[in-house]
Amino acid sequence: MSRQSGVALAGRAQLRKPCLDGPVKTEQRLEQRKSLDEAKGVLMDDFAMGEQGAVRFPQTTAMSRRSTTAQVARRKSVEAPSQGQRRGDHADQ
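Please read all numbers here as calculations on a predicted model, not as lab measurements.

*Asks:* So what exactly am I meant to see when it comes to the overall build of the chain here?
*Replies:* Across its full length, the chain holds four helices and zero strands. Beginning at the N terminus, the succession of helices and strands in the chain can be written as α-α-α-α. Counting only residues that meet the buried cut, the chain has 18% of its 93 residues in that class. The long-range fraction of contacts in the chain, counting pairs at least 24 apart against all pairs at least 6 apart in sequence, stands at 43%.

Spelled out as structure tokens, the structure:
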């Protein structure tokens, strides 16, 4: 089996897993996914990050803070990455 087909099978298994976890766990996972997607959008739009960087930033931040990516993502809409400023912000204001 190739690596790609192994990854595809793992992805399919992960899609089925929420059905087995029950409605509460599924709802939590959906909320976490929404937070991650929102944070990714903020990082891409406001901080001019590429998609890969916007996905990786919450992951590496969570690892360094010993937190979860969902917790970091919920804060990312408020907190700015330490590198650079938001687009549209001006140093003279």
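After presenting the structure, the write-up continues.
*Asks:* I keep staring at the side chain of S35 and nothing clicks. Help me out?
*Replies:* Examined against the element boundaries, S35 turns out to sit in helix α2 (residues 23-46). For S35, a relative accessible area of 15% corresponds to the buried category. With residues near it in sequence (within four places) discarded, S35 still touches A73 and R74.

*Asks:* I tried to follow helix α3 (residues 51-65) on my own but got confused; where do I start?
*Replies:* Residue pairs three or four apart in sequence face the same way in an α-helix, which turns once every 3.6 residues. In this model, α3 (15 residues) spans 22 Å end to end at C-alpha, consistent with the 21 Å of a helix rising 1.5 Å per residue. If you check which residues of α3 are buried, you get A54, F57, P58, T61 and A62. Remark: R66 follows α3 within two positions and exhibits a positive phi of approximately 55 degrees.

*Asks:* Where do I start with the packing of α2 against α3 in this structure?
*Replies:* Two measures define how a pair of helices packs: the angle their axes make with one another and the distance between the axes. Here α2 crosses α3 at 130 degrees, and the two axes come no closer than 9 Å. Taken together, the axes of α2 and α3 lie oblique to each other. By crossing handedness, the relation of α2 to α3 is classed as right-handed. Packed against α2, whose contacting residues are K40, L43 and M44, the element α3 presents E51, A54, V55, F57 and P58 at the interface. Its residues placed into classes, the contact of α2 with α3 shows six nonpolar, no polar and two charged.

*Asks:* I keep staring at the nonpolar core and nothing clicks. Help me out?
*Replies:* Proteins that are soluble and globular tend to have nonpolar side chains buried together. Counting residues in each nonpolar core, the largest one holds six residues, listed as V42, L43, F47, M49, A54 and F57. For this core, the elements supplying multiple residues, two or more each, are α2 and α3.

*Asks:* I keep staring at the confidence of the model for the chain and nothing clicks. Help me out?
*Replies:* Low pLDDT marks stretches whose predicted atomic positions should not be read closely. Across the chain, the average pLDDT comes to 75, with 58% of residues at 70 or higher. Contacts of residues 88-93 to residues separated by more than four positions or lying in other chains number two contacts, the stretch itself having pLDDT below 50.

Cut-off values and rules
- Residues numbered from 1 in each chain as written.
- Predicted model: local features only at pLDDT ≥ 70, side-chain atom pairs only at ≥ 80, totals over all residues.
- Heavy atoms only, no water.
- Helix = DSSP H or I, 4+ residues; strand = E, 2+ residues; numbered from the N terminus.
- Buried < 20%, exposed > 50% of the residue type's maximum accessible area, 1.4 Å probe, protein only.
- Contact = heavy atoms within 4.5 Å.
- Expected span 1.5 Å × (residues − 1).
- Axes fitted to C-alpha atoms, helices over the stretch in contact; angles between N-to-C directions.
- Parallel < 35°, antiparallel > 145°, perpendicular 65-115°, else oblique.
- Left-handed = near helix turned anticlockwise from the far one by under 90°.
- Nonpolar A, V, L, I, M, F, W, Y, C, P; charged D, E, K, R; others polar.
- Core = buried A, V, L, I, M, F, W, Y, C linked by side-chain atoms within 4.5 Å.
- pLDDT = per-residue confidence, 0-100.

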